Amino acid sequence: MPAVNETIETVDRISGGGYKFGFETNIEMEFAPKGLNEDIVRLISAKKGEPEWLLEWRLKAYRAWLSMEDPAWARIHHPRIDYQDLHYYAAPKKPAPKSLDEVDPELLAMYEKLGIPLNERAALAGIAVDAVFDSVSVATTFRDTLAKAGVIFCSISEAVREHPELVRKYLGSVVPAGDNYYAALNSAVFSDGSFVFVPKGVRCPMELSTYFRINARNTGQFERTLIVAEAGASVSYLEGCTAPMRDENQLHAAVVELVALDEATIKYSTVQNWYPGDAEGRGGIYNFVTKRGACRGRNSKISWTQVETGSAITWKYPSCILQGEGATGEFYSVAVTNNFQQADTGTKMIHLAPNTTSTIVSKGISAGRSNNTYRGLVRIMPRAMNARNFTQCDSLLIGDRCGAHTVPYIESRNRTAKVEHEATTSKIADDQLFYCRARGLSEEDAVGLLVNGFCRDVLKELPMEFAVEAQKLLAVSLEGSVG
Amino acid sequence: MLEIKGLTATIDGKEILRGIDLTVPEGEIHAIMGPNGAGKSTLSYVLSGREGYEVTGGSVTYNGADLLAMEPEERAAAGVFLAFQYPVELPGVGNANFIRTALNAIRRARGEAELDAVQFLKEARAAVTALKMPDDMLKRNVNVGFSGGEKKRNEVLQMALLKPTLALLDETDSGLDIDALKIVAEGVNALRGPAFSALVITHYQRLLDHIVPDRVHVLAAGKIVRSGGPELALELEANGYAGLEAA
Ligand SMILES: Nc1ncnc2c1ncn2[C@@H]1O[C@H](COP(=O)(O)OP(=O)(O)O)[C@@H](O)[C@H]1O
Ligand SMILES: [Mg+2]
């Protein structure tokens, strides 16, 4: 929690207003040449010293990607992305350090500015941090505590080296290499990301947290995360990110795969606050993410909670495949768009087994000239006797130049299934604003309070330390949206 | 001291306040009575700075400061509190959180230290008890699902905790049974003191049995048409407003 507040204050101070989380550090980068071809894929794999099977897997994904088109169905508009004009590999020059002493001091200084709890602060906050700087993981803390519990938490590159059998077993098992355009791209060129393995019967002793930063100009960022919870295991993973200010649009195409076996629980929380572009809609991150969890075991549970305030474009549908009998999928989402931001986000709940349950709570907030779309699919397959879904989908409009759209798809192929869908659209009313102001709140604080009230059902799902950050982010990202 | 001079105001170009002159010295409570549509709520909104109420003439000062030049939240920080005739619902916003956020915004504006959650809750619980309100009043969302009477009492609770020096009560007694009315009156009387003044808008003499006003004014068709002591309220109760509007 302290880290979170410090992060906001510190960055606020450095950036001197405007985008509160934007600044760059000066670390020499080693770039692969621009462009994408099989040689680049081979280079990435070679740089990481990967085994042959993984190179083959990447190449297969690359070839699949070549034959695919980027999806056109989402309600987002952007200039064509020139994939040959991007770098696909960038990393700090030195080899990955083994301890904090080996970490580039400038990098550590940046983390300190950000308030990321790497050392004692991490201990105080009780969070293990696997900090990702561009492509290579530079430091991982609390490995020992976790190791004692039998939990593996490391970068995915390290996992490939140290636990190849686990990676090979699960990588691509939820999001296949050729799943969709962006997932295929990610599979071909993924740089790094996190790997979590919680063995049978183990409750992970702490919240796991990763801070991603995008830092190299023109560098696509392709994170790959894989979390496996064996039978009876449980883990809560927090992902949060801020990005430096820049002019060009930046591509980000991450893949997150979750696997929950019998009675296992995975809670995955995200606060996404990447640079959204300026008030005129220039710049900002293009965020095309594939997140999917497989509830493979009986009574397994996967819960996605996301607070999406950043990025110029968000294309993201964290989903659950409910394969195990009695499995539970949850999706709690707050998506805020302001100025010219575009978000097309939602979830898919695929009910394959009997007695599976899913809950969807989506809160979309649109301000400025932004467009915010909820797109959700609830699919009940014939075998899914007594499946249940409840969907609550609320939109809040601030001003009258923004758009909110709700696109729910419901496909039920089992008559015993029960699917409920509720949707509302509301505005922040003038009398609500005046009521707050008459009590002494500024207009912006009033909007913040009302928006937080609107999002309460989602925010309460976040771990405490994120809930605080999320509340502030909501207010920050809606600054200038009224009056 | 609140000084209103020659105040005129329009809504959508329609003149609603047509030259109000009214002075409320520090420590005094004045009642405003008058028929429906006279402009009583409009006056309370103009005094608290609601958008859409355009002041076309006159002046309002509070303790020497130009009230009309201030934003609504600045007026709140200056000690002005409006108990709304129709309190507004704020879904998802907890009552305690709302009042504490407001209180701390006011304290910040005044350069005072913020109250922490524990301190605040102690005060808030005491106020809830003193006003004989149900315990869950603080936990519920602001005015959401409140009965009419609960909404009015919630206004009084907010007033008790924000401790204004100028309270504008717009028909806070309407729709209340006699017990609730006494509670509202106690809430106002508890704030009474040399630095506290209030404008109490009401239709009913019975409230004024419990909050004894220093002066009573009759507002009709956008003007103060009569002023007097507490006995004026009794007279109005007996004779109604007939004939006053023409005055
Ligand atoms: N928002 C509004 N738009 C147009 N006319 C209004 C509005 N609010 C009040 N009025 C008019 O202003 C006059 C005074 O209203 P109000 O101040 O509410 O009276 P009171 O509180 O004394 O009953 C009435 O004629 C009413 O119809
Ligand atoms: Mg009225």
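Treat the numbers as computed from the prediction; the structure is a model and nothing was measured.

### Observations regarding the sheet that holds strand E4 (residues 53-62) of chain B
Strand pairing in a sheet is mediated by backbone hydrogen bonds. Such pairs are either parallel or antiparallel.
Residue and element names in this part refer to chain B.
At step 1: Pairing is antiparallel across the open sheet formed by 4 strands, whose spatial order is E2-E1-E4-E5. Edge strands, defined here as strands with exactly one partner in the open sheet, are strand E2 (14-24) and strand E5 (65-66).
At step 2: Summarising the sheet, E4 and E5 pair through 2 bridges and their orientation is antiparallel. Its bridge partner lying in E5, Thr61 is registered against Asp66.

### Comments concerning the packing of aromatic side chains
Residue and element names in this part refer to chain A.
At step 1: Tallied over the entire structure, the rule returns 23 aromatic pairs over all chains.
At step 2: Of note, Lys363 hangs over the ring of Phe454, and the distance from its end group to the ring centre comes to 5.2 Å.
At step 3: Here Arg439 stacks its cationic end above the ring of Tyr435, 4.8 Å away from the centre of that ring.

### Observations concerning the pairing of strand E15 (residues 313-316) of chain A
Residue and element names in this part refer to chain A.
At step 1: Residues Ile313 and Trp315 of E15 are buried on one face, and the alternating residues Thr314 and Lys316, pointing to the opposite face, are buried as well.
At step 2: With 4 bridges joining them, strand E13 (residues 284-295) and E15 adopt parallel strand pairing. Along E15, the bridge assignment pairs Phe288 with Trp315.
At step 3: Where E15 meets strand E18 (residues 342-351), 4 bridges bridge the pair, whose relative direction is parallel. In the sheet register, Ile313 faces E18, and the bridge partner there is Gln342.

### So, the sheet that holds strand E9 (residues 215-220) of chain B
Residues and elements named next belong to chain B.
At step 1: With mixed pairing, the 6 strands of this open sheet are ordered in space as E6-E7-E8-E3-E9-E10. Unpaired on one side and paired on the other, strand E6 (80-83) and strand E10 (223-228) mark the two borders of the sheet. Within the sheet, the average angular offset between the axes of one strand and its neighbour, ignoring direction, is 20°.
At step 2: Where E9 meets E10, 5 bridges bridge the pair, whose relative direction is antiparallel. From the neighbouring strand, Leu219 faces E10, where its bridge partner is Ile224.
At step 3: Helix-sheet contacts for helix H5 (residues 148-162) involve E6 and strand E7 (166-170), and the interaxial angle to E6 is about 165°.
At step 4: Lying over the sheet, helix H8 (residues 231-239) contacts strand E3 (29-33), E9 and E10, oriented at roughly 115° with respect to E10.

Rules used throughout
- Along each chain, the written sequence defines residue order, and numbers are assigned to residues from 1.
- Here the convention is simple: chains get letters from A, ligands get numbers from 1, in the order in which they are written.
- Residues qualify for local features only when their pLDDT is at least 70, as the model is predicted, and side-chain atom pairs are given and counted only at 80 or more; totals for whole chains, interfaces and linings, by contrast, use all residues.
- Only heavy atoms go into the side-chain values, all of them from the structure, while hydrogens and water stay out.
- At least two bridges found by DSSP between two strands is the condition for calling them paired.
- Helix numbers and strand numbers start at the N terminus; a helix is a DSSP run of H or I with at least 4 residues, a strand a run of E with at least 2.
- Aromatic pairing here means that ring centres of Phe, Tyr or Trp (its six-membered ring) are within 6.5 Å. Orientation follows from the plane angle: under 30 degrees is stacked, over 60 is edge-to-face, and everything else is tilted.
- Criterion for a charge above a ring: Arg CZ or Lys NZ at most 6 Å from the ring centre, at most 35 degrees from the ring normal.
- The buried label applies to any residue whose accessible area, calculated with a 1.4 Å probe on protein chains only, is under 20% of its type's maximum; exposed applies above 50%, and partly exposed to all values in between.
- Interaxial angles span 0 to 180 degrees and are taken between N-to-C directions of axes, which are lines fitted to C-alpha atoms, for helices over the stretch in contact.
- Residues count as neighbours in contact if any of their non-hydrogen atoms are within 4.5 Å of one another.

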